[in-house]
Amino acid sequence: SNTHSNGDIFMGVSGREKTLIITPQGKIGIGTTVPLANFDIRGGNLIMPENDVNVGIGISNPDNQLHIHKLKNDDVIIKLSDESNATGVILKKDSNQDFYISNTHSNGDIILKTFNNERLRINSVGNVGIGTTIIDSRFKLHVVGTINTNQIITSNIFTSNLEVLGDTTILNTSVFQTEQLEILN
């Protein structure tokens, strides 16, 4: 260790003069001589090699690999961003205990996958696709595949191919204009 003229304590290794610095304010810098936070790492990776190491933010005894905790009932937010999307993707637990996934990029979709296959997509205008990666912009819900339901309630049905399977088909309508149902073989 060494003491710098302004009160900093620094260490150097492998020919590098200032690898680690501790300022008089108690800030620790690795890879920087001017730490901007209490613990500031630059130009490298923070690696936790053990499989059983848990990291806590706001908690001294984390019970998961990454555990973020607030001491009051408040929003907890994880933000993922880069140069092209500085506002980023947000994972949030709010004070009502609701969970949010938010993509703030104007063209950013939210995609859910299982076994590396896309299952559900919400595009940037709020349309939902299930079983498709390309959502037809005419529909709020676009499903490619079979839908199993016991009831459909709608004010308008537009379809090029409607197939109803089952022993009984009931069509209730409250349209005050011409009512017509045509079934073709």
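Bear in mind that the values here come from a model prediction, so they are computed numbers and not experimental data.

The rules behind each value
- Residues numbered from 1 in each chain as written.
- Predicted model: local features only at pLDDT ≥ 70, side-chain atom pairs only at ≥ 80, totals over all residues.
- Heavy atoms only, no water.
- Helix = DSSP H or I, 4+ residues; strand = E, 2+ residues; numbered from the N terminus.
- Buried < 20%, exposed > 50% of the residue type's maximum accessible area, 1.4 Å probe, protein only.
- Contact = heavy atoms within 4.5 Å.
- Areas by Shrake-Rupley, 256 points an atom, 1.4 Å probe, with all protein chains shown as cover.
- Pairing = 2+ DSSP bridges.
- Salt bridge = Lys/Arg side-chain N within 4 Å of Asp/Glu carboxyl O.
- Axes fitted to C-alpha atoms, helices over the stretch in contact; angles between N-to-C directions.

Scanning the protein chain for helices and strands turns up zero helices and 14 strands. When the helices and strands of the protein chain are placed in sequence order, the string is β-β-β-β-β-β-β-β-β-β-β-β-β-β. Out of the 185 residues in the protein chain, the part that is buried amounts to 14%. For the protein chain, contacts bridging at least 24 residues in sequence account for 0% of all contacts bridging at least 6. Accessible surface, the protein chain as shown: approximately 15700 Å² in total, 51% of it carbon and sulfur.

This part takes up the pairing of strand β8 (residues 76-82). Inspection of the sheet shows β8 paired to strand β9 (residues 85-93) by six bridges, in the antiparallel sense. From the neighbouring strand, Asp 82 faces β9, where its bridge partner is Asn 85.

Any two side chains of opposite charge can pair, given that their charged atoms come close. Evaluated as defined, the whole model comprises six salt bridges. In this structure, Arg 121 engages Glu 118 in a salt bridge whose closest nitrogen and oxygen atoms are separated by 2.7 Å. Judged by relative accessible area, Arg 121 falls into the buried class, the value being 14%.

A few words on the sheet that holds β9. Read across the sheet, three strands follow the order β8-β9-β10 without closing on themselves; strand pairing throughout is antiparallel. The open sheet has two edge strands, β8 and β10 (99-103), and neither has a second partner. The mean angle between the axes of side-by-side strands here comes to 20°, regardless of whether they run parallel or antiparallel.

Tracing the chain through its elements places Val 53 in the loop between β5 (39-41) and β6 (55-57). A residue is classified by how much of its surface remains accessible, and Val 53, at 24% relative accessible area, is partly exposed. Linking Val 53 and Leu 66, residues 13 residues apart in sequence, is a C-alpha distance of 9.2 Å.

Let us look at unusual backbone geometry. Of note, Phe 115 is a non-glycine position whose phi angle comes to about 45°, a positive value. Position of Phe 115 relative to the elements: it lies in the loop between β11 (110-114) and β12 (117-122). The exposure class of Phe 115 is exposed, given its relative accessible area of 79%. One non-glycine residue, Asn 116, adopts positive backbone phi at about 65°. Relative to the helices and strands, Asn 116 resides in the loop between β11 and β12.

Another aspect to go through is the sheet that holds β12. The strand order across the open sheet built from four strands is β11-β12-β13-β14, with neighbouring strands paired in mixed fashion. Only two strands of the sheet have a single partner each, and these edge strands are β11 and β14 (141-143). Going from strand to strand, the sheet's axes swing by 20° on average, the running direction of each strand aside. Where β12 meets strand β13 (residues 128-130), three bridges bridge the pair, whose relative direction is antiparallel. By the bridge assignment, Leu 120 is partnered in β13 with Ile 130.

Bringing the side chain of Thr 23 into the picture now. As for its position among the elements, Thr 23 is in the loop between β3 (20-22) and β4 (28-30). Excluding residues that lie within four positions of it along the chain, Thr 23 makes contacts with Asp 8 and Pro 35.

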